[in-house]
Amino acid sequence: MQIFFVKNIKQRQILGILVLFFSLFLNSDLLSQTSFKVVLDAGHGGKDPGKHSGKYYEKNIALNIVLLVGKKLKKNEVQVIYTRKSDVFIELKERGNIANDAEADLFVSIHCNAHHTQAYGTETYALGIHANERNFEVAQQENAVIFLEDDYHDKYEGFDPNSPEAVIGLTLMQEDYLDQSLLVASYVQGNFRNNLNRTDRGVKQAGFVVLFQTSMPSILIETGFITNVNEGEYLNSKSGQEEVAQAIYDAILSYKKHLDDNVVIEEIPVLVSATNDQNKKSRIFKGVDFKVQIASGKKKLSLESYNFKGLKGVERGKIGSYYKYYYGKSSDYDEILKDQEKVKKQGFPSAFIVAFKDEERIQVSDVLNSDKN
Ligand SMILES: [Zn+2]
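Figured I'd write up the structure that's included with this text.

Basis of the calculations
- Residues numbered from 1 in each chain as written.
- Predicted model: local features only at pLDDT ≥ 70, side-chain atom pairs only at ≥ 80, totals over all residues.
- Heavy atoms only, no water.
- Salt bridge = Lys/Arg side-chain N within 4 Å of Asp/Glu carboxyl O.
- Helix = DSSP H or I, 4+ residues; strand = E, 2+ residues; numbered from the N terminus.
- Buried < 20%, exposed > 50% of the residue type's maximum accessible area, 1.4 Å probe, protein only.
- Pairing = 2+ DSSP bridges.
- Axes fitted to C-alpha atoms, helices over the stretch in contact; angles between N-to-C directions.
- Contact = heavy atoms within 4.5 Å.
- Core = buried A, V, L, I, M, F, W, Y, C linked by side-chain atoms within 4.5 Å.
- 1 Å grid on protein atoms, 1.4 Å probe; cavity = no way out; pocket = protein on both sides within 12 Å on 5 of 7 lines; lining within 4 Å.
- Points joined across faces, edges and corners; volume = space filled by probe spheres on them.
- Nonpolar A, V, L, I, M, F, W, Y, C, P; charged D, E, K, R; others polar.
- Donors = N, O, S within 2.8 Å, 3.2 Å for Na, K, Ca; no water.

1. Notes on the pattern of salt bridges
- Within this structure, the stated rule accounts for 13 salt bridges.
- The partner of lysine 72 in a salt bridge is glutamate 242, and the shortest N-O contact between them spans 2.6 Å. Of this pair, lysine 72 sits in helix H2 (residues 58-75) while glutamate 242 sits in helix H10 (residues 238-260), and the two are 170 residues apart along the sequence.
- The exposure class assigned to glutamate 242 is partly exposed, which follows from its relative accessible area of 32%.
- Two residues, arginine 201 and glutamate 123, come together in a salt bridge whose shortest N-O distance is 2.9 Å.

2. Some remarks on the sheet that holds strand S9 (residues 288-297)
- Pairing is antiparallel in the open sheet, where five strands are placed in the order S10-S11-S9-S12-S13. Strands at the two margins of the open sheet, each flanked by one partner only, are strand S10 (315-319) and strand S13 (360-362). When the angles between neighbouring strand axes are averaged without regard to direction, this sheet yields 50°.
- Where strand S12 (residues 352-357) and S13 come together, three bridges link them in antiparallel fashion. Across the sheet, residue alanine 355 finds its bridge partner in S13, namely isoleucine 362.
- Helix H7 (residues 178-196) contacts S9 and strand S11 (322-330) of the sheet and is inclined by roughly 30° relative to S9.

3. Observations concerning the nonpolar core
- Core analysis: the biggest nonpolar cluster contains 41 residues, and Leu40, Val69, Val108, Ile248 and Ile252 have the highest contact counts within it.
- Only strand S1 (37-42), H2, strand S4 (79-82), strand S5 (106-113), H7, strand S8 (218-225) and H10 provide two or more residues apiece to this core.
- In terms of residue count, the dominant contributor to this core is H10 (nine residues).
- Discounting chain neighbours no more than four positions away, the residues touching isoleucine 248 are Ile65, Val69, Val108, Ile110, Phe192, Ile221 and Thr223.

4. Quick look at empty space enclosed by the protein
- Within this structure, the stated rule accounts for three cavities of 30 Å³ or more.
- A volume near 90 Å³ is recorded for the second largest cavity.
- Considering the residues around the second largest cavity, the lining is formed by 16 residues, among which Leu92, His111, Glu142, Val145 and Val210 are closest to the centre.
- For the lining of the second largest cavity, the secondary structure elements donating two or more residues are helix H3 (92-101), S5, helix H4 (133-143) and helix H8 (209-212).
- Grouping the amino acids of the lining of the second largest cavity by side-chain chemistry returns seven nonpolar, five polar and four charged.

5. Quick look at the coordination of the zinc ion
- Taken together, the protein ligands of the zinc ion are His44 (NE2), Glu58 (OE), His111 (ND1), Glu142 (OE) and Glu142 (OE), with distances of 2.0 to 2.5 Å.
- Counting along the primary sequence, the residues that act as donors to the zinc ion give the motif H-x13-E-x52-H-x30-E. Note that glutamate 58 is positioned in helix H2 and histidine 111 in strand S5, a separation of 53 residues in sequence.
- Overall, the relative accessible area of 5% leaves histidine 111 in the buried class.

Structure (structure tokens):
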């Protein structure tokens, strides 16, 4: 009996060690599979100082903040990839390449604003059509760096940063990640506003070339105006940079948690969408399926209506590593507009229309501008 008992303990110990070993092994395996990768992009660098005002240089402030955010993230087992870690010049396209090669989950570009007035406050951008002159101006300033690059004309396919229209073609490329990008952006602005008492100039959209280069949720943060007497001093100070970095770090973790929690649906800011006020004739496109995209996320959700605020008949698709959730299906653009209205009222304010041909995603604008048949 006693021998059996001892043996039993030994067996238990061996079993225990085995369990421990396998659970560690499994955990680390699981961790590496699900590890969250963030690309941190310090704006400008090297021969491109970005904005500067007196002794304040955007490239230095952006880099300091980026390094602080990275340090915090690494402590939290988030994988961090930097586009630059020192004062070097990196082309916009290369920044995107770094992010895409890393297959990152999120791209965060950090900048400072400047203005000839004493304007102040923070704003966070996702790629989109600039809704007003000021948003365009900000994007134009950030895009101007391509003039410092060799062969920029070839590299950016003739893109002209000074043309407000040039950007429209670009914006659709990030459409798949728009809802996620806007969500992270709203976390960042929320933290600036609530935790730091900074002036919140809002979540915005404009045509930033650096955001167009990436195929993942991507945001660009204008951390404040170095041309404002107080804000410039704050952004250039150690304590200011530490605070800003903390707010950005917290926002990234909130976003990660949001993904981990498998909650793909959340209220995000309502945005002005591009209008297509064409003549009021029928807009039926044979062979094209329009759908309303209501959500997207990395986790696979069951299509039960309780996952979609009571909406029935939701369809799921997959693009890259993202599951997409669609509602409605019609080759009549006006029918899908009605569906879009319906789901917006149902609690998906950022729902947008997508188009498919032979199961392939195509650009809605291309369809609308094409000849119907
Ligand atoms: Zn900048």
